[in-house]
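Spelled out from the first residue to the last, the chains are:
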Amino acid sequence: MYESYYGLSDKPFRLRPDPHFFFGSKGHKRAMAYLEYGLSQGEGFIVITGEVGAGKTTLVRNLFNQIASDKIVTCHLVNTHLSSDDVLRGVVGGFGLPCEDAASKTTLLARLEVFLRQCEQDGKRALLVVDEAQNLTPKVVEELRMLSNFQTDEKSLLQTFLLGQPEFRATLHSPGMSQLRQRVIATYHLGPMDSCESNAYIEHRMRTVGWRGNPHLTPAAYAAVFEYTGGIPRKTNHLMDRLLLMGFLEEMQEFTDADVDTVIRDIAQEFQPPPPEAAADGADGAAMHAAGAGGLSFGNQYPAVLDERMMRVEKSLTSVLSILKKIVRSPSSYNIQQDSNE
């Protein structure tokens, strides 16, 4: 919505992970070095943990952009609320193999082994990336460890990256995970950015889409953004996106700390729980809507779909607002108003 107003080629602060906007803070550079090191080893497990929104998925997608697709075949699991059998089906299906419900575990393992050995014969390597690893039960983690047993006399046929929130470290260090820990060749915790990195992160994303200083953020505005977000990239994206939207609606060319505080208050109000009566009415309305849509709720759709729909709505609103602004500013509208007053 605000892109054309500020002369930007795209939205700089999308919530979905986008390697095009990858910013190499000290922590992200170090985490990337661990991933690259693990990739060069071609075996074992690499574990990367970090807070919600710290940029773990963006990190991996940036790695995917760098590796040669003709040399490494990847499977990226993002849904980890799975049983041990389901996670096996997820891996098999993620590598593009048949994983019908009727197939037994033995059949699926046999298919996966054939695939991995074929990759090795073709000079390729197989990489499994598991996101949201904190949701994995010990039994599922053990299932993933067992998959690392596929190997030739010289090397492993499957390498695994585990990405998760800090809680996964408790799982990793629990008594039953000793065999997995022996196969972890590197682990790193991705922390938040500091204040200087947060400022540079904002400007980096803006410059990536053509920003040339408009809008301008005062030093106090940058400080207010960092104080609220704590240097977490996703929280920074959310706040900055709303700030630019307000700037477009209010036709602002500069943001101060007071403007940032205004947006923060708006966000806080939006996330306040509704009164009990309103919550009950909303639940009934949501249930009726879900039933009318075949039991599917809009809020449960994939984030990319939601993002695309929001973009369409924003473009429509931009057109309407532009028309309204022209009508208000045009001399004809002024004459019409005078005539009506007379």
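The structure displayed is predicted, hence computed values, not measured ones.

(A) Main features of the side chain of Ser 198. Mapped onto the secondary structure, Ser 198 falls in helix α8 (residues 195-208). Those residues in contact with Ser 198 that sit more than four places away from it in its chain are Met 193 and Phe 226.

(B) Main features of the confidence of the model for the chain. When pLDDT is averaged along the chain, the result is 84, and 80% of the positions lie at 70 or above. Predicted confidence for residues 288-302 stays below pLDDT 50, and this span has 8 contacts to residues more than four positions away or in other chains. Predicted confidence is poor over residues 336-342, with pLDDT under 50, and the contacts of this stretch with residues over four places away or in other chains come to 0 contacts.

(C) A look at helix α9 (residues 219-229). All buried positions along α9 are accounted for by Ala 221, Tyr 222, Ala 224, Val 225 and Thr 229. All buried residues of α9 fall inside an arc of 160° around its axis, so they share one side. α9 presents Pro 219 and Glu 227 as exposed residues on the side facing more than 90 degrees away from its buried surface. Against the buried residues of α9 lie α8, β6 (216-217), α10 (233-250), β7 (254-255) and α11 (257-270). With its phi angle positive at about 65°, Gly 230 sits one or two positions after the end of α9.

(D) Quick peek at the pattern of salt bridges. Scanning the model with the defined rule gives 11 salt bridges in all. The partner of Glu 197 in a salt bridge is Lys 26, and the shortest N-O contact between them spans 3.2 Å. One end of the pair, Glu 197, is in helix α8; the other, Lys 26, is in helix α1 (residues 26-41), and 171 residues separate them in sequence. Overall, Glu 197 belongs to the buried group, its relative accessible area being 11%. With relative accessibility at 57%, the residue Lys 26 sits in the exposed group. A network of salt bridges, in which partner residues are shared, links Lys 26, Asp 194 and Glu 197.

(E) Structural context of the sheet that holds strand β1 (residues 45-50). Sheet architecture is open: 5 strands sit in the order β2-β3-β4-β1-β5, paired in parallel fashion. Two strands bound the open sheet, and with one partner strand each, they are β2 (72-77) and β5 (184-190). Adjacent strand axes in the sheet meet at a mean angle of 15° when their direction is disregarded. The pairing of β1 with β5 spans 6 bridges and is classified as parallel. When the bridges of β5 are listed, Ile 48 appears paired with Tyr 188. Where helix α3 (residues 84-94) meets the sheet, it contacts β2 and β3 (125-130), and its direction lies at approximately 140° from that of β2.

(F) Molecular detail of the packing of α9 against α11. Closest axis-to-axis distance for the α9/α11 pair is 7 Å, and the angle between their directions is 30°. Put simply, α9 runs roughly parallel to α11. Facing α9, whose interface residues are Ala 220, Ala 221, Ala 224, Val 225 and Tyr 228, α11 presents Asp 257, Val 260, Asp 261, Ile 264 and Ile 267. Taken together, the residues of the contact of α9 with α11 break down into 8 nonpolar, no polar and 2 charged.

(G) Layout of the environment of Leu 82. In this structure, Leu 82 sits in the loop between β2 and α3. Remark: the alpha-carbon pair of Leu 82 and Asn 135, spanning 53 residues in sequence, is separated by 8.5 Å. If sequence neighbours within four positions are ignored, Leu 82 has contacts with Val 87 and Val 140.

Reading guide: rules and limits
- Residues numbered from 1 in each chain as written.
- Predicted model: local features only at pLDDT ≥ 70, side-chain atom pairs only at ≥ 80, totals over all residues.
- Heavy atoms only, no water.
- Helix = DSSP H or I, 4+ residues; strand = E, 2+ residues; numbered from the N terminus.
- Contact = heavy atoms within 4.5 Å.
- pLDDT = per-residue confidence, 0-100.
- Buried < 20%, exposed > 50% of the residue type's maximum accessible area, 1.4 Å probe, protein only.
- Arc of directions from axis to C-beta.
- Salt bridge = Lys/Arg side-chain N within 4 Å of Asp/Glu carboxyl O.
- Pairing = 2+ DSSP bridges.
- Axes fitted to C-alpha atoms, helices over the stretch in contact; angles between N-to-C directions.
- Parallel < 35°, antiparallel > 145°, perpendicular 65-115°, else oblique.
- Nonpolar A, V, L, I, M, F, W, Y, C, P; charged D, E, K, R; others polar.

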